[in-house]
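So you can see what is in the structure, the chains are spelled out below.
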Amino acid sequence: PDERIKFPLVIKCHQVTEDQWIGVTDTEWFMKLRECQLINYNEETQRTLTHKIKNGNDFYSVTVKRPTVEGIRKRLRNGEYIPTPITLNIPIDDESADFYYDSGDNTLVINKLRWFDICDGYHRYVAMREEKDENPNFNYNWELRIINFTEERAKYFVYQEAQRAKLSKADANT
(Lines give C-alpha, C1' and ligand atoms only; values in the text may rest on other atoms or scores of the structure.)
Protein backbone atom coordinates (compact mmCIF):
# COMPACT_ATOMS: atom_id res chain seq x y z
CA PRO A 1 0.00 0.00 0.00
CA ASP A 2 1.06 3.57 -0.69
CA GLU A 3 2.15 5.07 2.64
CA ARG A 4 2.90 8.53 1.27
CA ILE A 5 1.36 11.69 2.64
CA LYS A 6 -1.82 12.68 0.87
CA PHE A 7 -3.48 16.07 0.94
CA PRO A 8 -5.43 17.33 2.66
CA LEU A 9 -3.40 16.77 5.83
CA VAL A 10 -5.83 16.72 8.74
CA ILE A 11 -4.06 17.23 12.05
CA LYS A 12 -5.91 16.97 15.36
CA CYS A 13 -4.73 19.93 17.42
CA HIS A 14 -5.71 22.94 19.47
CA GLN A 15 -5.28 26.52 18.40
CA VAL A 16 -3.03 28.49 20.76
CA THR A 17 -3.02 31.78 18.84
CA GLU A 18 -4.21 32.70 15.36
CA ASP A 19 -0.87 31.48 13.94
CA GLN A 20 0.01 28.60 16.27
CA TRP A 21 -1.43 25.11 16.93
CA ILE A 22 -0.37 22.23 19.19
CA GLY A 23 -1.12 18.54 18.79
CA VAL A 24 0.33 15.04 18.95
CA THR A 25 1.82 12.86 16.24
CA ASP A 26 4.36 10.08 15.92
CA THR A 27 7.59 9.10 14.21
CA GLU A 28 5.69 7.38 11.38
CA TRP A 29 4.06 10.69 10.42
CA PHE A 30 7.39 12.53 10.40
CA MET A 31 8.92 9.79 8.23
CA LYS A 32 6.07 10.15 5.73
CA LEU A 33 6.75 13.88 5.58
CA ARG A 34 10.45 13.09 5.09
CA GLU A 35 9.72 10.62 2.27
CA CYS A 36 7.66 13.26 0.48
CA GLN A 37 10.35 15.91 1.08
CA LEU A 38 7.95 18.04 3.10
CA ILE A 39 10.45 18.92 5.86
CA ASN A 40 12.84 21.73 5.00
CA TYR A 41 15.78 23.04 7.03
CA ASN A 42 15.60 26.82 6.57
CA GLU A 43 19.09 28.11 7.24
CA GLU A 44 17.71 31.65 7.58
CA THR A 45 15.81 30.75 10.75
CA GLN A 46 17.97 28.00 12.25
CA ARG A 47 21.42 27.90 13.81
CA THR A 48 24.37 28.81 11.63
CA LEU A 49 25.76 26.30 9.17
CA THR A 50 29.17 24.66 9.56
CA HIS A 51 31.80 25.54 6.96
CA LYS A 52 33.57 22.46 5.58
CA ILE A 53 36.21 21.72 2.97
CA LYS A 54 36.21 18.25 1.44
CA ASN A 55 38.28 17.19 -1.55
CA GLY A 56 39.14 20.84 -2.15
CA ASN A 57 35.47 21.86 -2.28
CA ASP A 58 34.06 24.52 0.04
CA PHE A 59 30.54 23.92 1.33
CA TYR A 60 28.27 24.52 4.30
CA SER A 61 26.22 21.90 6.07
CA VAL A 62 23.70 21.78 8.88
CA THR A 63 25.43 21.83 12.27
CA VAL A 64 24.59 18.61 14.11
CA LYS A 65 25.87 17.94 17.61
CA ARG A 66 26.44 14.18 17.48
CA PRO A 67 26.53 13.68 21.29
CA THR A 68 23.12 15.34 21.53
CA VAL A 69 21.66 13.12 18.78
CA GLU A 70 23.18 9.98 20.30
CA GLY A 71 21.84 10.89 23.76
CA ILE A 72 18.33 11.36 22.38
CA ARG A 73 18.55 8.10 20.41
CA LYS A 74 19.62 6.15 23.50
CA ARG A 75 16.66 7.50 25.49
CA LEU A 76 14.28 6.85 22.59
CA ARG A 77 15.53 3.27 22.29
CA ASN A 78 15.00 2.74 26.03
CA GLY A 79 11.57 4.40 26.03
CA GLU A 80 12.90 7.06 28.44
CA TYR A 81 12.66 10.14 26.24
CA ILE A 82 10.05 12.63 27.42
CA PRO A 83 8.43 14.00 24.24
CA THR A 84 8.81 17.72 23.69
CA PRO A 85 7.34 19.73 20.82
CA ILE A 86 8.86 19.60 17.38
CA THR A 87 7.93 22.86 15.69
CA LEU A 88 7.07 23.01 12.00
CA ASN A 89 6.44 26.32 10.27
CA ILE A 90 4.12 26.87 7.33
CA PRO A 91 6.11 29.82 5.98
CA ILE A 92 4.00 32.90 5.38
CA ASP A 93 5.84 33.48 2.09
CA ASP A 94 4.61 30.10 0.77
CA GLU A 95 2.01 31.45 -1.65
CA SER A 96 0.88 27.92 -2.45
CA ALA A 97 -0.07 27.21 1.19
CA ASP A 98 -3.78 26.62 1.63
CA PHE A 99 -4.94 25.69 5.13
CA TYR A 100 -7.54 26.51 7.80
CA TYR A 101 -8.37 25.58 11.36
CA ASP A 102 -11.71 23.91 12.06
CA SER A 103 -12.51 24.82 15.67
CA GLY A 104 -15.52 22.50 15.71
CA ASP A 105 -13.36 19.43 15.03
CA ASN A 106 -10.14 20.85 16.52
CA THR A 107 -8.31 20.08 13.30
CA LEU A 108 -5.82 21.96 11.19
CA VAL A 109 -6.63 21.14 7.58
CA ILE A 110 -3.78 21.68 5.14
CA ASN A 111 -4.93 21.41 1.54
CA LYS A 112 -1.59 22.35 0.05
CA LEU A 113 1.87 23.62 0.97
CA ARG A 114 5.35 23.63 -0.51
CA TRP A 115 6.88 22.18 2.69
CA PHE A 116 7.21 22.74 6.41
CA ASP A 117 10.30 24.50 7.71
CA ILE A 118 11.55 22.72 10.82
CA CYS A 119 11.85 25.55 13.32
CA ASP A 120 12.67 23.78 16.57
CA GLY A 121 13.58 20.18 17.30
CA TYR A 122 16.07 19.45 14.53
CA HIS A 123 18.30 17.24 16.73
CA ARG A 124 15.22 15.30 17.90
CA TYR A 125 14.16 14.91 14.27
CA VAL A 126 17.63 13.63 13.29
CA ALA A 127 17.62 11.21 16.24
CA MET A 128 14.17 9.81 15.38
CA ARG A 129 15.09 9.57 11.70
CA GLU A 130 18.32 7.67 12.42
CA GLU A 131 16.60 5.38 14.92
CA LYS A 132 13.81 4.64 12.41
CA ASP A 133 16.36 3.93 9.65
CA GLU A 134 18.17 1.47 11.93
CA ASN A 135 15.03 -0.07 13.44
CA PRO A 136 12.05 -0.02 11.02
CA ASN A 137 9.63 -0.99 13.84
CA PHE A 138 10.58 2.05 15.91
CA ASN A 139 7.78 4.53 16.60
CA TYR A 140 7.40 7.20 19.26
CA ASN A 141 4.79 9.81 20.10
CA TRP A 142 5.75 13.48 19.79
CA GLU A 143 4.22 16.80 20.65
CA LEU A 144 3.72 18.77 17.47
CA ARG A 145 3.64 22.55 17.25
CA ILE A 146 2.67 24.07 13.91
CA ILE A 147 3.20 27.75 13.34
CA ASN A 148 2.55 30.14 10.46
CA PHE A 149 5.29 32.72 10.93
CA THR A 150 7.34 35.07 8.82
CA GLU A 151 11.08 34.35 8.70
CA GLU A 152 11.67 37.20 11.15
CA ARG A 153 9.13 35.90 13.66
CA ALA A 154 10.47 32.34 13.22
CA LYS A 155 14.00 33.61 13.97
CA TYR A 156 12.72 35.26 17.13
CA PHE A 157 10.91 32.06 18.11
CA VAL A 158 14.16 30.06 17.74
CA TYR A 159 15.99 32.73 19.77
CA GLN A 160 13.29 32.67 22.46
CA GLU A 161 13.45 28.88 22.75
CA ALA A 162 17.25 29.09 23.14
CA GLN A 163 16.84 31.51 26.07
CA ARG A 164 15.19 29.00 28.38
CA ALA A 165 16.76 29.18 31.82
CA LYS A 166 19.32 26.45 32.34
CA LEU A 167 19.34 24.60 35.66
CA SER A 168 22.45 24.95 37.74
CA LYS A 169 24.31 21.66 38.29
CA ALA A 170 23.25 21.68 41.97
CA ASP A 171 19.56 22.17 41.05
CA ALA A 172 19.75 19.49 38.35
CA ASN A 173 21.30 17.03 40.82
CA THR A 174 18.50 17.73 43.31
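All figures in this text were calculated on a predicted structure; none of them were measured in a lab.

Conventions we followed
Residues numbered from 1 in each chain as written. Predicted model: local features only at pLDDT ≥ 70, side-chain atom pairs only at ≥ 80, totals over all residues. Heavy atoms only, no water. Helix = DSSP H or I, 4+ residues; strand = E, 2+ residues; numbered from the N terminus. Contact = heavy atoms within 4.5 Å. Pairing = 2+ DSSP bridges. Core = buried A, V, L, I, M, F, W, Y, C linked by side-chain atoms within 4.5 Å. Buried < 20%, exposed > 50% of the residue type's maximum accessible area, 1.4 Å probe, protein only. Axes fitted to C-alpha atoms, helices over the stretch in contact; angles between N-to-C directions. Expected span 1.5 Å × (residues − 1). Arc of directions from axis to C-beta.

Turning our attention to the side chain of T25. Note that T25 resides in strand β2 (residues 20-26). Residues within four places of T25 in sequence aside, it is in contact with F30, Y140, N141, W142 and L144.

Here the focus is the pairing of strand β7 (residues 98-102). By the bridge criterion, five bridges tie β7 to strand β8 (residues 107-112) in an arrangement that is antiparallel. Along β8, the bridge assignment pairs Y101 with L108. Connecting the antiparallel pair β7 and β8 is a turn made up of four residues, with N106 showing a positive phi of about 50°.

Glancing now at the nonpolar core. The biggest cluster of nonpolar side chains holds 36 residues, and the ones touching the most others in it are W29, F30, L33, L88 and F116. When residues of this core are traced back to their parent elements, those giving at least two are β1 (9-17), α1 (27-35), α2 (66-77), β6 (86-89), β8, β9 (116-120), α3 (122-134) and β10 (141-147). Here this core takes five residues from α3, the largest share from any one element. Look past the residues within four positions of L33 in its chain and what remains in contact with it is I5, L38, I39, L88 and F116. In this structure, C119, I147, A154 and F157 belong to the second largest nonpolar core, which totals five residues.

Attention shifts here to the sheet that holds β1. A sheet is described by the order of its strands in space; here eight strands give the open sequence β3-β9-β6-β10-β2-β1-β8-β7, paired in mixed fashion. Edge positions in the sheet fall to β3 (39-40) and β7, since each has one partner strand and no second. Packing of α3 onto the sheet brings it into contact with β3, β6, β9 and β10, and relative to β9 it is tilted by some 110°. Packing against the sheet, helix α4 (residues 151-162) makes contact with β6, β9 and β10, and its axis sits at approximately 30° to β9.

Along its 12 residues, α4 runs 17 Å from first to last C-alpha, staying within 8% of the 16 Å computed at 1.5 Å per residue. Among all positions in α4, only A154, F157 and E161 are buried. The buried residues of α4 occupy one face: seen down the axis, they fall within an arc of 55°. In α4, those exposed residues whose orientation departs by more than 90 degrees from the buried face are E152 and A162.

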